[in-house]
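# Residue-level structural notes
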Amino acid sequence: MKTNTATPSILLVYTGGTIGMIENPVTGALENFSFEQLKKHVPELQKFNFYIDSWQFDHPMDSSDMDAKAWCMLVDIIQSNYDRYTGFVVLHGTDTMAFTASALSFMLHGLSKPVILTGSQLPIGVIRTDGKENLLTSLEIAAASRPDGKPMVQEVCVYFENKLMRGNRTTKLNAEDFNAFRSYNYPDLATVGIHIRYNLNAIHYDNTETPLTVYTEMNTNVAVLKLFPGIQEMVVRSVLSIEGLKGVVLETYGSGNAPRKGWLLDCLSEATNRGVVIVNVTQCKSGMVDMDRYETGYQLKSAGVLSGYDITTEAALTKLMFLFGQHLSVDEVRQEMMHSIVGEISME
Ligand code: ASP
């Protein structure tokens with residue numbers, strides 16, 4: 001890379017996903033293509049007045065294959081290039097982008113540069129692709145600076161279809177629409193039309209000058225348990241008795257409600273007494289858990305279940321992985337789950 005202190009430089013990391021795919025003329029299946037091909041399809045990349053370097057996963061992956069190991073690779077790439085670049089744009093499949101964005105937000109502590117994840121619903125080689133705009137605008141945002149010269153955005157974000165969102169607040173909500181991501185419980189960090197309008201009150205700015213510290217240990221002994229009418233004791237008991245289980249995201253109804261069945265409360269109490277951290281996250285897309293509102297929620301609280309407030313399942317799950325990865329005690333994990341670490345819940 002050419003170094004020049006005045007000119008921004010962005011590292012574009014290509015992990016895989018639809019955005020970098022092209023149709024195999026023989027089988028008709030979508031296959032990954034290289035960054036060089038990406039540049040051919042997006043000649044506009046040459047027009048930016050900042051430097052763009054690229055780094056590509058050896059085996060680009062469908063994001064369904066993303067896991068903690070791949071998150072660690074991403075964190076390593078960002079850490080080892082941190083001083084050389086103004087910002088980072090990560091091309092990623094949309095299916096698990098919200099999980100990766102959430103995980104990275106916890107793993108990159110003290111981040112003061114943008115890490116923007118983006119992707120697309122249609123491959124970049126397709127005429128009507130949404131990938132071009134998502135890619136070009138992500139790069140522009142990653143290179144943007146404030147009047148004091150510091151990066152405009154200094155956190156892990158998802159950029160998709162005209163919206164820049166805090167990464168750990170996002171959820172994929174549509175399998176077809178270009179407008180596929182939402183941050184239901186936190187305002188968008190920027191909206192994009194003719195102008196890019198930054199929401200400066202919503203973007204996180206850390207004035208403490210904390211250096212970047214990366215955490216690469218994630219404990220994946222976690223599970224998501226989604227309640228549904230008619231759920232059977234056997235199902236709940238099987239999940240909660242998984243050997244080595246550390247944390248569970250319990251997806252409940254409405255403001256955090258669950259059936260008032262004795263066996264359910266017994267199963268939950270037994271698990272929390274064994275040290276399993278169970279976090280109550282609502283199945284609703286928007287709004288928050290309030291376990292004091294109804295008796296059905298209150299009972300969960302008595303069984304030792306924690307309120308996830310307005311956290312997403314993606315953020316709650318990766319936060320549990322992260323906290324248990326730091327070898328914290330059960331009490332410490334419980335404490336941390338009730339506080340915001342990087343703006344993932346609407347409370348300090
Ligand atoms: N299956 C793809 C993935 O998540 C879908 C996409 O990129 O939009 O990798």
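This write-up is about the structure you can find in this document. (Residues numbered from 1 in each chain as written. Predicted model: local features only at pLDDT ≥ 70, side-chain atom pairs only at ≥ 80, totals over all residues. Heavy atoms only, no water.)

In this section: the overall build of the protein chain. Assigned secondary structure in the protein chain consists of 9 helices and 18 strands. Relative to the globule expectation of 20 Å for 348 residues, the C-alpha radius of gyration of the protein chain, 21 Å, shows essentially globular dimensions. Looking at the protein chain residue by residue over its 348 residues, the buried ones come to 53%. Considering only residue pairs separated by 6 or more positions, the protein chain has 72% of its internal contacts joining residues 24 or more positions apart. Here the protein chain contributes 28 positively and 39 negatively charged side chains, and the mean placements of these two sets differ by 3 Å. (Helix = DSSP H or I, 4+ residues; strand = E, 2+ residues; numbered from the N terminus. Rg over C-alpha atoms; globule rule 2.2 N^0.38 Å. Buried < 20%, exposed > 50% of the residue type's maximum accessible area, 1.4 Å probe, protein only. Contact = heavy atoms within 4.5 Å. Lys, Arg positive; Asp, Glu negative; His and termini not counted. Charge placed at Lys NZ, Arg CZ, Asp CG, Glu CD.)

Residues K163 and M165 point to one face of strand β9 (residues 163-166) and L164 and R166 to the other, with burial holding for every one of them. Both strand β8 (residues 156-160) and β9 contribute to a ladder of 4 bridges, which runs antiparallel. Residue pairing for β9: Y159 is matched across the bridge by L164. Between β8 and β9, which pair antiparallel one after the other, the connecting turn spans 2 residues, and E161 there sits at a positive phi close to 45 degrees. (Pairing = 2+ DSSP bridges.)

Before going further, it helps to spend a moment on the sheet that holds strand β7 (residues 115-118). Pairing within the open sheet is mixed, and its 8 strands lie in the order β4-β1-β5-β7-β8-β9-β12-β13. Edge positions in the open sheet fall to β4 (51-56) and β13 (196-198), since each of these has one partner strand only. Here the average twist between neighbouring strands, direction ignored, is 25 degrees. As paired elements, β9 and strand β12 (residues 190-192) share 2 bridges and run antiparallel to each other. Bridge pairing in β12 links L164 to A190. (Axes fitted to C-alpha atoms, helices over the stretch in contact; angles between N-to-C directions.)

On to the site of the ligand. Around the ligand, the structure places G17, T18, D62, S63, G93, T94, D95 and S120. The separation between an oxygen atom of the ligand and a polar side-chain atom of S63 is 2.5 Å. Take D95: an N or O atom from its side chain is 2.9 Å from a nitrogen atom of the ligand. For the ligand, whose unbound accessible area comes to 270 Å², protein coverage reaches 89%. For the shell around the ligand, the residue count by class is no nonpolar, 6 polar and 2 charged. (Near = heavy atom within 4 Å. Polar contact = N/O pair within 3.5 Å; in protein donor to acceptor, adjacent residues only side chain to side chain. Areas by Shrake-Rupley, 256 points an atom, 1.4 Å probe, with all protein chains shown as cover. Nonpolar A, V, L, I, M, F, W, Y, C, P; charged D, E, K, R; others polar.)

Another point: the packing of helix α3 (residues 97-107) against helix α8 (residues 313-325). At their nearest, the axes of α3 and α8 sit 8 Å apart, and the two run at 40 degrees to each other. The pairing of α3 with α8 is recorded here as oblique in orientation. Judged by the twist between their axes, the crossing of α3 over α8 is right-handed. Of α8, the residues touching α3 (which contributes A98, F99, S102, A103 and F106) are E314, A315, L317, T318, K319 and F322. Taken together, the residues of the contact of α3 with α8 break down into 7 nonpolar, 2 polar and 2 charged. (Parallel < 35°, antiparallel > 145°, perpendicular 65-115°, else oblique. Left-handed = near helix turned anticlockwise from the far one by under 90°.)

The next point concerns the layout of surface pockets. Considering only enclosed or pocket space, the second largest pocket measures out at about 450 Å³ in volume. Around the second largest pocket sit 26 residues that line it, and R166, H204, I341, V342 and G343 are the ones nearest its centre. (1 Å grid on protein atoms, 1.4 Å probe; cavity = no way out; pocket = protein on both sides within 12 Å on 5 of 7 lines; lining within 4 Å. Points joined across faces, edges and corners; volume = space filled by probe spheres on them.)

Restricting attention to buried positions, one finds in helix α5 (residues 233-240) the residues V236, V239 and L240. An end-on view of α5 places all buried positions within 90 degrees of arc, on one side of the element. At its buried positions, α5 is contacted by β15 (222-226), β16 (247-252), α6 (262-273) and β17 (277-282). (Arc of directions from axis to C-beta.)

Just distances and angles here, no functional claims.
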